[in-house]
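# A closer look at the structure
Chain by chain, the residues:
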Protein chains: 2
Amino acid sequence: MALKTKKEKDFSEWFTEIVSERGAKLADVRYGVQGFVVHRPWAVKIIRIFEKLIEDAVEKDGYEPILLPILVPKKNIEKEKEHVQFAPELFWVEKMGNSKLDEPLFMRPTGESQIYPMYGLWIRSYKDLPFKKYQSRISVYRAEHTTRPFLRGREFLFFETHAVFESHEGVLKRVEKDMKICNEVIRKQLGVPFLFFKRPEWDKFAGAVDTFAADALMPDGKVNQIASTHDLGQKFAKAYDIQFLDKKEKKQYGWQTTFGPGIWRIMAALIGIHGDNNGLVLPFDIAPVQIVIVPVFFDENKKLVDKKCKKLEKNLSEKFRVKYDNSENTAGWKYNEWEMLGAPMRIEVGPKEIKEKSLTLTRRDTKQKTKVPEKSLQKEIEKIAKDILKNITKKAESWQASNIREAKTYDELKKILSTYRGFARASFCSVEKDGLACADRVQAETEGGKVRGTLFDKAEKPFGKCIVCGKTAKYVVYVAKSY
Amino acid sequence: MALKTKKEKDFSEWFTEIVSERGAKLADVRYGVQGFVVHRPWAVKIIRIFEKLIEDAVEKDGYEPILLPILVPKKNIEKEKEHVQFAPELFWVEKMGNSKLDEPLFMRPTGESQIYPMYGLWIRSYKDLPFKKYQSRISVYRAEHTTRPFLRGREFLFFETHAVFESHEGVLKRVEKDMKICNEVIRKQLGVPFLFFKRPEWDKFAGAVDTFAADALMPDGKVNQIASTHDLGQKFAKAYDIQFLDKKEKKQYGWQTTFGPGIWRIMAALIGIHGDNNGLVLPFDIAPVQIVIVPVFFDENKKLVDKKCKKLEKNLSEKFRVKYDNSENTAGWKYNEWEMLGAPMRIEVGPKEIKEKSLTLTRRDTKQKTKVPEKSLQKEIEKIAKDILKNITKKAESWQASNIREAKTYDELKKILSTYRGFARASFCSVEKDGLACADRVQAETEGGKVRGTLFDKAEKPFGKCIVCGKTAKYVVYVAKSY
């Protein structure tokens, strides 16, 4: 019951399969509308768990939840001249029942144009600042051409924080904290490594002063932007009239930032980076079922085994998310099923285990079995749980590290992007407007290799001239193909 | 800082005020699109808490979460001939960017037409049954004419379970369990009483065989339908081709039921029934902040008090949701603010309390103060928490009981509905099709009094002839005006 496609052979097909009916049953593309998928129970459960981790993290930083309508009046998008570039991507609602609406409404592509008019009403004084709200458990809508579950949708799950500060300094500090949240949740709890970039001038979020983003490397060597945070300066505040009275009772425009961990994209990373040919491999903290109990019995001892399993389920449930699989399937079928779903640990219980008062724990990531005396079971589970996270993180980190290659010449750059993919690290003339010509040339001549930016948390010295134009290089950039 | 409007004087205006900026800041109607409101943090937090209670309850009953797209292809609504009556209420999406869509899409008014085609794909055999999924944390869209936050919206929060059984018996048992969930969560945890009815033939959900619903009585004597559950028979299964192979390998249509606790309507009941002229009154289990700590100090002992409050917050946070309000507002201002928000308990901490090692607990519902030795604080909080729920439930229950009045004559019925409102209990000829004429007459002659149905959980004997037509009465019905 392993997957038909091998991950190392055809990652793209493997990804499609593991998401589907034949795999872990995460999303169903048979809904009948392109780019709109049905999330099935296992996906909803996983997503709820890590969404909650991010919610907790931003709430700890003082953000409060708000929930806005899905439809936005047409006039709102027209207020910020750069942001209006979302317009061609919008889904329009112009009819209610049989009557035409007075003003067309669009389905939100992101929250700025709906949230900031409210900020304009809510914020009055410096005492209201920093003003920090977030929206989660929502979807946004964009008319994308090619679509894929968890990677690109016309409807996809969204999470956004929006903060207003008294000064630009507040914004810059916030960007660092957003990166810290990515580190704490995505890297440390989900075991998904990434590089955090400052995006080049030409690849910023529409209307932003600066855009910073986390790129995770997928097993096919293409990068997956899993989070981004934007310094909006005062641009949106001016467009949407977000003003506050400062301490001297003078009106000032707020300084803004918005952070968006990509719920779908994080899910794609979890699936793609940790999964193997038998299915998902979930970190313990994220798994909807952390431990599955599988009974192994003959008819004559069924009752005994059943009783033992129930007791074990009850005891372990106090600390963990446990499932006693007492369905009518064979034990072998159950092993395969729960491996496909990525349950981190399995406990087999049969007459032998009952007699010996010791249990066999099988971990999902390495398939390794450990015999554990019943009385030290909880402790052992906690130990293995940590070790699973450590193991899959290490694997992912070392794979990422080995896929960052230094390109000293333009030919090397092209070779890296065509042969190995991953990141090519190169000296580059400029990440301001005047570097765009070089970036465009790279993209055209490498079948889509894009300059992802400069590392945010590490200043790097160029090790040569600009790899494209040969002029003085001021930056080290990372180039990669992307989703 | 109490509310300007008195609840007992003008409930409708009081409700508008408590929801608004001047009250507990729950929803903002200034968004700019009729029937679409912004949920502010306090409302989102309350709703998340009780939504989770319902999620836990249905998951305990074996339901799993799914999440479907917000848009549905036009053809889907046309499959069930009665359900298609939703059509005039739909919001239509016909344009993506600048291009017209091949097939118009509508925003879901409820989930049947999008979920059941998937059920048709997912269900294969009797082994898949009962098949139980639910959708929560979503909104639905209906072109309503008059709209009000939490009572009637063009966009409103939704929760729906959808189960498929092998037989009609499964459906009937499920209806009883749905009522039990209403009892356990809405009545016992939220303290909101209701009557559970079987709706008359003419007031069923579009396409249902039978509809059952919970009506809560609001303080203005109008009823608020807070939940409903429907016996769908095999109607939708036939329309959407939901078939399973039975044990004899014969194809059968599934028997279905759907249950919908009204998230918005429950919120309206919580606000309206428990609230008073100083603001919300929240049951302890539902309150986002269960205990607020307010420091009372002079400049010379500020540090000491601050330290004590922090310690108290830390200790209590292990068990409860606690907020130490160390903002710069005065203590009096804080008292008012947290009363408006309905925080169930307040602890004041000043030098005196520190010295005496005893604290003053003020409960929100009765304003009663209790002096508590610090060491028995946790126990006392738990005791008072229970007592708050008991007290507000009792108040609500006795108010509901005193607003169910027996009508022996048609004049009495009219008088009850015009003078007292609440429920009028009356003998009635029929709740099948042939009773509609009498029901219509009641509605026309009582400014909207509607026959809500017969009690689901109690067979009642008529105590006279039909109150309208004078023919033999087969039922006791409850008549009320409604939202």
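Calculation notes
- Residues numbered from 1 in each chain as written.
- Chains lettered and ligands numbered in written order.
- Predicted model: local features only at pLDDT ≥ 70, side-chain atom pairs only at ≥ 80, totals over all residues.
- Heavy atoms only, no water.
- Salt bridge = Lys/Arg side-chain N within 4 Å of Asp/Glu carboxyl O.
- Helix = DSSP H or I, 4+ residues; strand = E, 2+ residues; numbered from the N terminus.
- Buried < 20%, exposed > 50% of the residue type's maximum accessible area, 1.4 Å probe, protein only.
- Contact = heavy atoms within 4.5 Å.
- Buried area = accessible area lost by both parts, 1.4 Å probe.
- Polar contact = N/O pair within 3.5 Å; in protein donor to acceptor, adjacent residues only side chain to side chain.
- Nonpolar A, V, L, I, M, F, W, Y, C, P; charged D, E, K, R; others polar.
- Pairing = 2+ DSSP bridges.
- pLDDT = per-residue confidence, 0-100.
- Axes fitted to C-alpha atoms, helices over the stretch in contact; angles between N-to-C directions.
- Parallel < 35°, antiparallel > 145°, perpendicular 65-115°, else oblique.
- Left-handed = near helix turned anticlockwise from the far one by under 90°.
- Arc of directions from axis to C-beta.
- Core = buried A, V, L, I, M, F, W, Y, C linked by side-chain atoms within 4.5 Å.
- Phe/Tyr/Trp six-rings, centres within 6.5 Å; stacked < 30°, edge-to-face > 60°.
- Lys NZ or Arg CZ within 6 Å of the ring centre and 35° of its normal.
- Domains from an automatic or database assignment.

## Let's talk about the pattern of salt bridges
Residue and element names in this part refer to chain A. Following the criterion strictly, the structure yields 86 salt bridges over all chains and no others. A salt bridge links glutamate 21 to arginine 40; the shortest N-O distance between them is 2.5 Å. Of this pair, glutamate 21 sits in the loop between helix H1 (11-19) and strand E1 (27-28) while arginine 40 is found in the loop between strand E2 (38-39) and helix H2 (41-60), placing the two residues 19 residues apart along the sequence. The class for glutamate 21 is partly exposed, based on a relative accessible area of 36%. On the basis of relative accessible area, arginine 40 is assigned to the buried category, the value being 8%. Here lysine 173 and glutamate 169 are joined by a salt bridge, their closest N and O atoms 3.7 Å apart. A residue pair is termed a helical-turn pair when its members lie 3 or 4 positions apart in one helix, as lysine 173 and glutamate 169 do in helix H5 (residues 168-187) at 4 residues. A cluster of three or more residues bridged by salt bridges with shared partners is formed by Glu339, Arg346, Glu348, Lys367 and Lys369.

## Let's talk about the interface of chain A and chain B
With 53 residues of chain A at the interface, the matching set in chain B holds 53 residues. Carbon and sulfur atoms make up 63% of the area that chain A and chain B hide from each other, which totals about 4,600 Å². Interface area lost by chain A to chain B is led by Tyr31, Arg48 and Arg137 of chain A, which between them contribute 15%. Between chain A and chain B we count 8 salt bridges in total. Taking the shortest distance from any N to any O, the salt bridge between arginine 48 of chain A and glutamate 59 of chain B comes out at 3.7 Å. At the boundary of chain A with chain B, the tally comes to 23 residue pairs in polar contact (both at pLDDT 80 or more). For the side of chain A that touches chain B, the leading source of residues is H2 of chain A, giving 7 residues. In the side of chain A that touches chain B, the residues fall into 32 nonpolar, 5 polar and 16 charged. Of the strand pairs in this sheet, strand E5 (residues 91-96) of chain A and strand E5 (residues 91-96) of chain B are connected by 5 bridges, and their pairing is antiparallel. Within the sheet, the bridge partner assigned to tryptophan 92 of chain A lies in E5 of chain B and is lysine 95 of chain B.

## Looking at the sheet that holds strand E14 (residues 255-261) of chain B
Residue and element names in this part refer to chain B. Read from one edge to the other, the open sheet built from 11 strands follows the order E3-E7-E8-E14-E11-E10-E9-E22-E23-E21-E20, with strand pairing classed as mixed. Each edge of the sheet is formed by a strand with only one pairing partner; in this case those strands are strand E3 (64-65) and strand E20 (404-406). The pairing of strand E21 (residues 423-428) with strand E23 (residues 475-480) spans 5 bridges and is classified as antiparallel. Across the sheet, residue serine 427 finds its bridge partner in E23, namely valine 476.

## A closer look at the confidence of the model for chain A
Confidence along chain A averages 96 in pLDDT terms, with 100% of residues attaining 70 or more. Prediction confidence for the complex, expressed as pTM and ipTM, is 0.97 and 0.97 respectively.

## Some details on the packing of helix H2 (residues 41-60) of chain B against helix H7 (residues 263-274) of chain B
All names here are of chain B. Two elements in contact, H2 and H7, have axes separated by 11 Å at closest approach and are oriented at 115°. When the interaxial angle is binned, H2 and H7 end up roughly perpendicular. In this structure, the crossing between H2 and H7 has a hand that is right-handed. Within the contact between the two elements, H2 uses Ala43, Ile46, Ile47, Phe50, Glu51 and Ile54 and H7 uses Ile263, Ile266, Met267 and Leu270. Of the residues belonging to the contact of H2 with H7, the class tally is 9 nonpolar, no polar and 1 charged.

## Thoughts on the sheet that holds strand E6 (residues 99-107) of chain A
One key point about sheets: their strands pair by backbone hydrogen bonds, in either a parallel or an antiparallel sense. Sheet architecture is open: 6 strands sit in the order E4(A)-E6(A)-E5(A)-E5(B)-E6(B)-E4(B), paired in antiparallel fashion. In this open sheet, the two strands that pair with only one neighbour each are strand E4 (71-73) of chain A together with strand E4 (71-73) of chain B. Each strand axis lies, on average, 45° off the axis of its neighbour in the sheet, ignoring direction. Bridge count between E5 of chain B and strand E6 (residues 99-107) of chain B: 4 bridges; the pairing is antiparallel.

## Digging into helix H13 (residues 436-445) of chain A
Residue and element names in this part refer to chain A. For H13, every residue scored as buried is listed here: Cys438, Ala439 and Val442. Seen end-on, H13 carries its buried residues on one side only, within an arc spanning 100°. Seen from the buried face of H13, the exposed residues on the opposite side, beyond 90 degrees, are Ala437 and Ala444. Its buried side turned inward, H13 meets helix H12 (410-420), strand E21 (423-428), strand E22 (450-455) and strand E23 (475-480). Positive backbone phi, approximately 55°, marks glutamate 447, located one or two places after H13.

## Examining the environment of isoleucine 347 of chain B
Residue and element names in this part refer to chain B. For isoleucine 347, the location among the structural elements is in strand E17 (residues 345-349). Looking at isoleucine 347, the relative accessible area reads 0%, which means it is buried. In the structure, isoleucine 347 is positioned 29 residues away from serine 376 in sequence and 14 Å away in space, judged by C-alpha atoms. With residues near it in sequence (within four places) discarded, isoleucine 347 still touches Ile291, Val292, Ile293, Val294, Leu312, Leu316, Leu359, Thr360, Leu361 and Leu377.

## With respect to the nonpolar core
Side chains of nonpolar character tend, in soluble globular proteins, to be buried together. Core analysis: the biggest nonpolar cluster contains 150 residues, and Leu26, Phe50 and Phe150 of chain A together with Leu26, Phe50 and Phe150 of chain B have the highest contact counts within it. Residue contacts for leucine 26 of chain B: discarding those within four places in its chain leaves Ile18, Val19, Val38, His39, Arg40, Trp42, Ala43, Ile46, Phe150, Met267, Ile271 and Leu280 of chain B. Membership of the second largest hydrophobic core comes to 80 residues, among which are Ile70, Ile77, Leu105 and Phe236 of chain A.

## A few points about the packing of aromatic side chains
Residue and element names in this part refer to chain A. Taken as a whole and assessed by the stated rule, the structure comprises 48 aromatic pairs over all chains. Between the aromatic rings of phenylalanine 36 and phenylalanine 91, the centroid separation amounts to 5.9 Å while the plane-to-plane angle is 80°, which identifies the pairing as edge-to-face. Here phenylalanine 36 is found in the loop between E1 and E2, whereas its partner phenylalanine 91 is found in strand E5, with 55 residues between them in sequence. A relative accessible area of 2% means that phenylalanine 36 is categorised as buried. Through a chain of ring-to-ring contacts, the aromatic side chains of Tyr116, Tyr119, Trp122, Phe131, Phe236 and Tyr240 assemble into a single cluster. Its guanidinium or amino end placed over the ring of tryptophan 14, lysine 7 lies 5.1 Å from that ring's centre, counting from NZ or CZ. One cation-aromatic arrangement involves arginine 405 over tyrosine 420; the distance from NZ or CZ to the ring centre is 4.0 Å.

## Regarding the domain arrangement of chain A
The parts lose accessible area when they come together, and the size of an interface is often stated as this lost area. Residue and element names in this part refer to chain A. Under the domain assignment used here, chain A contains domain 1 (11-274), domain 2 (289-386) and domain 3 (404-480). Counting from both sides, the interface comprises 20 residues of domain 1 and, opposite them, 22 residues of domain 3. Summing the contributions of domain 1 and of domain 3, the shared interface buries around 1,800 Å²; its carbon and sulfur component is 68%. Per-residue buried area on domain 1 facing domain 3 is highest for Leu195, Phe197 and Trp202; these three make up 33% of the total on that side. Linking domain 1 with domain 3 are 1 salt bridge. Of the charged contacts, one joins aspartate 215 and arginine 452 as a salt bridge, the two residues approaching to 2.7 Å between their closest N and O atoms.

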